[in-house]
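Summary of the model geometry
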Amino acid sequence: MGNIRPICRSLVYIACLLTISFASSCTSCSNYEVSVQNTNDEKETSAKPILNVYIENSGSMDGYFSGKSDMRDDLYGYVSELKASTSGQNLFYINSTIIPIRQNTEAFFMGLNANSFKAGGGNRTHSNIIDMMKMMLSKSNSNTVTMFVSDCILDLPSVDTKTFLDFEKTSLANTFRDYKNKHKDFGVRILCMQSSFNGFLFPAGQTAIKTVGKRPYYIWILGSNKLISKLMSNDSDSKLGSNLQNCVAYSDASSLPINIGKTKGPMSTNGVVNLKGGNLKFDLYVNFSSLLLDEKSIEDKGTYDISPFLDLQNVQKINYAGAKYSHVLTFELQHASKADNAHITIKKNIPAWVKSMNDETGDKPKTTCGIRYLIEGAKEAFDADKPVTINLQISKK
């Protein structure tokens, strides 16, 4: 009789193990249905925009065109690459006013050097980014895309620089909001570029600083999301090569074309996929084009806010012409027996590079005085727009 209790305890222990094993086995053998809740089948536009290219020709930009000019070569290649996707292209200088360039694209860039750049005209001693944005947007409409090329240096006052920078941020946010209110389907891409430079920096309250080497500059692309994505459709960013350092984009898009399918299996015809046995992986097919994001951002897991029931395992670009979707995202269900609704939200981030590229003195050749405030202002204009969220319904079958 003395051995009965240990034997009973052993039997109870074995029963518990069997129960746990059985439950685990049932979970792995369970079937689950995953369905996409908010598909968007809107087709991409076939319209070709007019591209208006504005190059700031203030004095701080002179050094980009002295001797061999990466900026000139990259801009010529980029604008030429976009020609097939546009219905027309117009070139302008801009500072205190807009100055039309009467030459065609090839003649202009072939003859662009330090002397011709300085002879562009206008007030080259002082320009204001916000005023230039307002001028360019006043010439824009639903059929145009605006490209603005600038070093984006903010001219700091001698006192209260933080107040000034915050004011510029708010002013840019207001400028974009005012335009968005009148023109739906609006977005902005900001490309951070680098170029050879041989010229001067003009920090507030200091003497000019001779600078030779690589310097950042920026290409802002403003207009309809659909028209900008049209320009991006042929992988035009690749034309900029290694001088394209970073990108950030903001858009008022509220949904994306999406579908679902089994991993390494066919795409669903009804937005539903059934997962059987122990394989709980599935693919989401997404067209990211209206968000204007670059490839680095799309592949970065930090771009997404994902429900804990989902594990993002891979992001792969679709590389064949005419594809309805731009990328395949592979997920695996986690804690599937507890899963119900799940979401994937594409966040509107301020990337880390924005802070690292910013300075607030104007005397550092490798950074840009105030760029953080301009990009934060651009983002603020889109903060009231809900980020794109893909909703999934998960049910046990």
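The shown structure was predicted, so the numbers you read here are calculated from the model rather than taken from an experiment.

Comments concerning the packing of helix α5 (residues 129-138) against helix α6 (residues 161-182)
It is the contact of α5 with α6, at a shortest axis distance of 10 Å, that shows an interaxial angle of 10°. In terms of orientation, α5 lies roughly parallel with respect to α6. Along its contact with α5, which presents Ile-130, Met-133, Lys-134 and Leu-137, the element α6 presents Glu-168, Ser-171, Leu-172, Thr-175, Phe-176 and Tyr-179. Of the residues belonging to the contact of α5 with α6, the class tally is six nonpolar, two polar and two charged.

Regarding the sheet that holds strand β15 (residues 341-346)
Taken in spatial order, the five strands make up an open sheet running β10-β1-β18-β15-β12, and their pairing is antiparallel. What marks the edges here is a single partner per strand, and that holds for β10 (272-275) and β12 (304-306). On average, each strand axis in the sheet is inclined to that of its neighbour by 20°, with strand direction left out of account. Alignment of strand β1 (residues 32-36) against β10, held across four bridges, turns out to be antiparallel. Within β10, the position partnered with Glu-33 by the bridge is Asn-274.

Looking at the nonpolar core
One recurring pattern in soluble globular proteins is that nonpolar side chains are buried together. Within the largest apolar cluster, 70 residues are counted, with the highest numbers of intra-cluster contacts made by Ile-219, Phe-282, Leu-284, Leu-333 and Leu-392. When residues of this core are assigned to their parent elements, the largest contribution, five residues, is made by helix α2 (residues 70-82). When residues no more than four places from it in sequence are discounted, the contact partners of Ile-219 are Leu-75, Tyr-78, Met-147, Phe-148, Val-149, Arg-189, Ile-190, Leu-191 and Met-193. Counting 37 residues, the second-largest nonpolar core is a separate cluster that includes Ile-130, Val-188, Leu-374 and Phe-382.

A word on the packing of α6 against helix α10 (residues 371-380)
Closest axis-to-axis distance for the α6/α10 pair is 7 Å, and the angle between their directions is 35°. In terms of crossing hand, the pair formed by α6 and α10 is right-handed. Mapping the contact onto sequence places Lys-162, Leu-165, Asp-166, Lys-169, Leu-172, Ala-173, Phe-176 and Arg-177 in α6 and Tyr-373, Leu-374, Glu-376, Gly-377, Ala-378 and Glu-380 in α10. For the contact of α6 with α10, the class distribution of residues is seven nonpolar, one polar and six charged.

A look at the side chain of His-327
Along the chain, the position of His-327 falls in strand β14 (residues 327-333). Only 2.8 Å separates the side chain of His-327 from the side chain of Ser-326, close enough to count as a polar contact. In this structure, His-327 is in contact with Leu-284, Tyr-285, Val-286, Phe-288, Glu-295, Ile-298, Val-315, Gln-316, Lys-317 and Ile-318, ignoring residues within four places of it in sequence.

Concerning the sheet that holds strand β11 (residues 281-286)
A sheet is described by the order of its strands in space; here four strands give the open sequence β9-β11-β14-β13, paired in antiparallel fashion. Both edges of this open sheet fall to β9 (258-262) and β13 (310-317), since each of them pairs with a single strand only. Across the sheet, the mean angle from the axis of one strand to that of its neighbour is 25°, orientation sign disregarded. The pairing of β9 with β11 spans five bridges and is classified as antiparallel. Paired with Asn-259 across the strands is Tyr-285, a residue of β11.

A closer look at unusual backbone geometry
Note on backbone geometry: most residues besides glycine have negative phi, and most peptide bonds are trans. Phi angles above zero are rare outside glycine, and Cys-152 is one such case at about 60°. Taking relative accessible area as the criterion, Cys-152 reaches 0% and is therefore assigned buried. Even without glycine at this site, Asp-235 takes up a positive phi of about 55°. With respect to the secondary-structure elements, Asp-235 resides in the loop between α7 (225-232) and β8 (244-251).

Considering α7
With six of its eight residues buried, α7 lies for the most part within the structure. For α7, the full list of buried residues reads Asn-225, Leu-227, Ile-228, Ser-229, Leu-231 and Met-232. Buried-residue contacts for α7 involve β2 (50-56), α2, β5 (144-150), β6 (186-201), β7 (209-224) and β8. Where α7 begins, the capping side chain belongs to Ser-224, and its oxygen is found 3.2 Å from the backbone nitrogen of Lys-226.

Section: the pairing of β2
Where burial is concerned, most of β2 is hidden: six out of the seven residues are buried. Pairing of β2 with strand β3 (residues 88-94), which is carried by seven bridges, proceeds in the parallel orientation. Bridge pairing links Leu-51 to Gln-89 in β3. Crossover handedness for the path β2 to α2 to β3: right-handed. When β2 meets β5, the two strands line up parallel, connected through six bridges. For Val-53, the partnering residue across the bridge sits in β5 and is Met-147.

A few points about the confidence of the model for the protein chain
When the pLDDT values of the protein chain are averaged, the result is 90; 92% of them are 70 or greater. Across residues 11-27 the pLDDT falls below 50, and counting only partners more than four positions away or on other chains, this stretch makes one contact in the model.

Thoughts on the side chain of Glu-168
Mapped onto the secondary structure, Glu-168 falls in helix α6. The buried charged residue Glu-168 lacks any salt bridge, with Lys-134 as its nearest oppositely charged partner at 8.9 Å. In this structure, Glu-168 is in contact with Asn-128, Ile-130 and Leu-154, ignoring residues within four places of it in sequence.

Reading the values: the criteria
- Sequence order sets the numbering: in each chain, residues are counted from 1 along the sequence as written.
- Note on the predicted model: pLDDT of at least 70 is required for a residue's local features to be given, and 80 or more for side-chain atom pairs to be given and counted; whole-chain, interface and lining totals, by contrast, use all residues.
- Remark: hydrogens and water are excluded; side-chain values derive from all non-hydrogen atoms of the structure.
- To obtain an axis, a line is fitted to C-alpha atoms, over the contacting stretch when the element is a helix, and the angle between two such axes runs from 0 to 180 degrees between their N-to-C directions.
- Think of it this way: any DSSP run of H or I at least four residues long counts as a helix, any run of E at least two long counts as a strand, and we number them from the N terminus.
- For this classification, under 35 degrees means roughly parallel, over 145 means roughly antiparallel, 65 to 115 means roughly perpendicular, and everything else is oblique.
- Whether two residues touch is decided by their heavy atoms; if any such pair falls within 4.5 Å, the residues are in contact.
- Each residue is assigned to one class: nonpolar for Ala, Val, Leu, Ile, Met, Phe, Trp, Tyr, Cys and Pro, charged for Asp, Glu, Lys and Arg, and polar for all the others, Gly among them.
- At least two DSSP bridges between two strands are needed for those strands to be called paired.
- As used in this record, nonpolar core signifies buried Ala, Val, Leu, Ile, Met, Phe, Trp, Tyr and Cys residues forming a set joined through side-chain atoms within 4.5 Å.
- For every residue, the accessible area (1.4 Å probe, protein chains only) is compared with the maximum for its type, and the residue is labelled buried under 20%, exposed over 50%, or partly exposed between those bounds.
- Handedness of each helix crossing follows the sense of rotation of the near helix against the far helix: counterclockwise by less than a right angle gives left-handed, clockwise gives right-handed.
- The definition of a polar contact used here is a pair of N or O atoms within 3.5 Å, where within protein one atom must be able to donate a hydrogen and the other to accept one, and adjacent residues in sequence count solely through side-chain atom pairs.
- With strands facing away from the observer, any crossover in which the path from the first strand over the helix to the second runs clockwise is taken as right-handed.
- Confidence of the prediction at every residue is given by pLDDT, a number between 0 and 100.
- The charged-residue count follows a simple rule in which Lys and Arg add positive charge and Asp and Glu add negative charge, with His and chain termini not counted at all.
- Definition used for salt bridges: Asp or Glu carboxyl oxygen within 4 Å of a side-chain nitrogen of Lys or Arg.

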